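Examining the three-dimensional arrangement
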Amino acid sequence: MGNRIGYARVSRDDQVLDLQLDAFTKDACDMVYSEKMSGKMAERSELEQCLKALRTGDTLVVWRLDRLGRSLQDLVRIVTDLETRGIAFESLGEKIDTGSATGKLQFHIFSAMAEFERNLLRERTFAGLAAARARGRVGGRPTKLTDKHIREIKLLLADPAARVTDIAKQYGVSRATLYSRVGVVAPVRAVTP
């Protein structure tokens, strides 16, 4: 029988690990790696150390699935890697233990259902956006420059002494916005030998 190694994580500094650590104590984990780091961060040093410390026959224990993976794909990748190395995975919250055939089945069904739900959400989002577009609604941030503003800016820019920076400040936009919305051509500077 190998070691039971726990991995605990909270996302923010103001959160505490106590609940997870108590669960690992109750579960008799031999060692626990813990960190305060967002799950979205690709580089989680304690998780990397934990994964390196695991040996064939060991079990990686987490309090809940979302404490381990940044996404479903990341979670499946980590657990699949553990499985190929002969390391079991256990989630206390979801009561999943890949050390048994039933636990492996549970994990893969759970993963498939989560991926199915994510795909449904994506489809509903695209359908909602298409329906909104069909009704003439356009998503995104409202434009700062109206057609009237653009006409005014073009008149101002007809003056050779006008500076794009000054006009952009006057209308509360960046120079890049003027270049993209009004079609201002960036001035070409003469190169002196």
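Before any of the text, the structure's been laid out above.
Since we're looking at a predicted model, the values are computed, not measured.

1. What about the overall build of the protein chain?
- Regarding its fold elements, the protein chain presents 7 helices and 5 strands.
- Counting from the amino terminus, helix and strand elements in the protein chain follow one another as β-α-β-α-β-α-β-β-α-α-α-α.
- Relative to the 2.2 N^0.38 estimate, which gives 16 Å for 193 residues, the radius of gyration of the protein chain is 28 Å and therefore markedly larger than a compact globule would have.
- By its C-alpha atoms, the protein chain is 85 × 50 × 35 Å across when sized along the principal axes.
- Here the protein chain, with 193 residues, has 30% of them falling under the buried criterion.
- For the protein chain, long-range pairs separated by at least 24 residues make up 60% of all intrachain contacts whose partners lie at least 6 apart in sequence.
- Looking at the protein chain as shown, the accessible area adds up to about 13000 Å², and 55% of this sits on carbon and sulfur atoms.
- Placing the 32 positive and 25 negative side-chain charges of the protein chain at their respective mean positions leaves the two points 11 Å apart.

2. Re the environment of Arg 141
- Tracing the backbone shows Arg 141 in the loop between α4 (101-134) and α5 (147-157).
- Arg 141 sits 42 residues away from Gly 99 along the chain, and the two C-alpha atoms are 50 Å apart.

3. Considerations on unusual backbone geometry
- Of note, the phi angle at Ala 28 is positive, near 60°, even though the residue is not glycine.
- Mapped onto the elements, Ala 28 comes out in the loop between α1 (18-26) and β2 (31-36).
- The exposure class assigned to Ala 28 is partly exposed, which follows from its relative accessible area of 49%.
- Positioned with a positive phi, Lys 95 is a non-glycine residue whose angle comes to about 55°.
- Counting through the fold element by element, Lys 95 comes out in the loop between β4 (88-91) and β5 (96-97).
- Of the residues examined, Lys 95 reaches a relative accessible area of 64% and is grouped as exposed.

Parameters at a glance
Residues numbered from 1 in each chain as written. Predicted model: local features only at pLDDT ≥ 70, side-chain atom pairs only at ≥ 80, totals over all residues. Heavy atoms only, no water. Helix = DSSP H or I, 4+ residues; strand = E, 2+ residues; numbered from the N terminus. Rg over C-alpha atoms; globule rule 2.2 N^0.38 Å. Buried < 20%, exposed > 50% of the residue type's maximum accessible area, 1.4 Å probe, protein only. Contact = heavy atoms within 4.5 Å. Areas by Shrake-Rupley, 256 points an atom, 1.4 Å probe, with all protein chains shown as cover. Lys, Arg positive; Asp, Glu negative; His and termini not counted. Charge placed at Lys NZ, Arg CZ, Asp CG, Glu CD.

Keep in mind these numbers describe shape, not what the thing actually does.
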